[in-house]
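Secondary and tertiary structure notes
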Amino acid sequence: MGEPLRPEAHIPFLLHQPPVAVAICASAAVAFAAWALKALTVGGATSAFAVGCIVFGIGGPAFAIPLLVFLATGTILSRIGKANVCNAGKGPRRARQVWANGGVAAALVVLFAAKAHEWPWYRSRELLMLYLAALATVTADTWSTEVGRLLGGVPRLLTSWRKVAPGVSGAVSTPGTLAGLVGAALIPAGVAFVWRLQPGEILVVVWAGFLGSMADSILGAGLQAQYAGEDDYAPRDGPAAAGQKPVHGFRPVTNDVVNLAASLAGAAMAWLLLATTHYPWG
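Residues numbered from 1 in each chain as written. Predicted model: local features only at pLDDT ≥ 70, side-chain atom pairs only at ≥ 80, totals over all residues. Heavy atoms only, no water.

According to the stated counting rule, one finds four salt bridges in the structure shown. Among the ionic pairs, Asp256 bridges to Arg96, the shortest N-O distance being 3.0 Å. With Asp256 in helix α8 (residues 255-277) and Arg96 in helix α4 (residues 95-115), the pair connects residues that are 160 residues apart, well separated along the chain. For Asp256, a relative accessible area of 9% puts it in the buried group. Notably, a salt bridge pairs Glu201 with Arg125, separated by 2.9 Å at the nearest N-O pair. Here the residue Glu201 occupies a position in helix α7 (residues 199-222), and Arg125 occupies one in helix α5 (residues 121-151), the gap between them amounting to 76 residues. (Salt bridge = Lys/Arg side-chain N within 4 Å of Asp/Glu carboxyl O. Helix = DSSP H or I, 4+ residues; strand = E, 2+ residues; numbered from the N terminus. Buried < 20%, exposed > 50% of the residue type's maximum accessible area, 1.4 Å probe, protein only.)

The next thing to look at is helix α1 (residues 20-36). A turn of α-helix holds 3.6 residues, and therefore any two residues three or four places apart point the same way. With 17 residues, α1 should cover 24 Å at 1.5 Å per step; its first-to-last C-alpha distance of 24 Å lies within 8% of that length. Three or more residues of α1 are buried, namely Ala23, Ser27, Ala31 and Ala34. For α1, the angular spread of the buried residues around the axis is 55°, confining them to a single face. Turned more than 90 degrees off the buried face of α1, the exposed positions are Cys25 and Phe32. Summarising the contacts, the buried residues of α1 are in contact with α2 (42-59). (Expected span 1.5 Å × (residues − 1). Arc of directions from axis to C-beta. Contact = heavy atoms within 4.5 Å.)

Following the sequence through the fold, Ser47 ends up in helix α2. In this structure the side chain of Ser47 is engaged in a polar contact, spanning 3.0 Å, whose partner is the side chain of Trp99. If sequence neighbours within four positions are ignored, Ser47 has contacts with Ala95, Val98 and Trp99. (Polar contact = N/O pair within 3.5 Å; in protein donor to acceptor, adjacent residues only side chain to side chain.)

Turning to the nonpolar core, a few remarks are in order. Of all hydrophobic cores here, the largest spans 48 residues; its most connected members are Val55, Phe63, Met129, Tyr131, Leu132 and Trp195. When contributions to this core are tallied by element, the ones reaching two or more residues are α1, α2, α3 (61-80), α4, α5, α6 (174-191), α7 and α8. (Core = buried A, V, L, I, M, F, W, Y, C linked by side-chain atoms within 4.5 Å.)

With a phi angle near 65°, Lys38 is a residue other than glycine that sits in the positive phi range. Tracing the backbone through its elements, the reader meets Lys38 in the loop between α1 and α2. Its relative accessible area of 63% is what places Lys38 among the exposed residues. For Arg196, which is not a glycine, the phi torsion comes out positive at approximately 55°. With respect to the element layout, Arg196 can be found in the loop between α6 and α7.

With that out of the way, let us pick up the packing of α2 against α4. With their axes 9 Å apart at the nearest point, α2 and α4 run at an angle of 15° to one another. With respect to each other, α2 and α4 are oriented roughly parallel. In this structure, the crossing between α2 and α4 has a hand that is left-handed. On α4, the residues that touch Gly43, Gly44, Ser47, Ala48, Ala50, Val51, Ile54, Val55, Ile58 and Gly59 of α2 are Ala95, Val98, Trp99, Gly102, Ala106, Val109, Val110 and Ala113. Residue classes in the contact of α2 with α4 are distributed as 13 nonpolar, five polar and no charged. (Axes fitted to C-alpha atoms, helices over the stretch in contact; angles between N-to-C directions. Parallel < 35°, antiparallel > 145°, perpendicular 65-115°, else oblique. Left-handed = near helix turned anticlockwise from the far one by under 90°. Nonpolar A, V, L, I, M, F, W, Y, C, P; charged D, E, K, R; others polar.)

The structure is reproduced here in structure tokens:
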């Protein structure tokens, strides 16, 4: 996995906190642009503003780049997919969706800022990789979902390999799976030079992000609540109309819960891989 990092690779120097006014204005501009492009609802834009203030305001530009990669590529793919019939009725992201996708990453930035100057260099470095893995997971999931819907293929449930209709939670396809791997790779690629990432660290982040997205599919297929009408069996993540009833999963396990759990799983997988291949235990 590459040569061990030297102690001087301890990198709290990445914390270049901008002036508060700059962080607020930049975060507001990004959130407003996403709202104007109808990628976010008003509540979603407000939450995106809050996440941006945390990530950019506390971490600085180096931490904002991966978050912007996730937001920009997800928005572009979603807009391209608007013309696809499978995406009909798919609206802008709401507040809880923003926190489900960005909440873990934001928490890791806060933890890094609080502990980077206290912990051993390798432990602080590890936190950086967990941050990237959390974003790689949600990016891989977004790419897998959007590209899978656009390019088609035969979606199958990851848990049973049963063929299902496009858009069913937990379903995977060959184009979507390959796209998820590309999406996961974009996150470390965007900061490889700035963060001085080693090849082994990049591989860990990409692999952890990809596995996190697979965890999303497993949870979606096995536990997520899905609803359908009595006459037209077309499972949805939530009840879209009166008369739709739960046909699978558990009511508390919504798509947002699955996304949050997958993000945590991606970070946890990165920690396990790093602890066993790159950094010492303890």
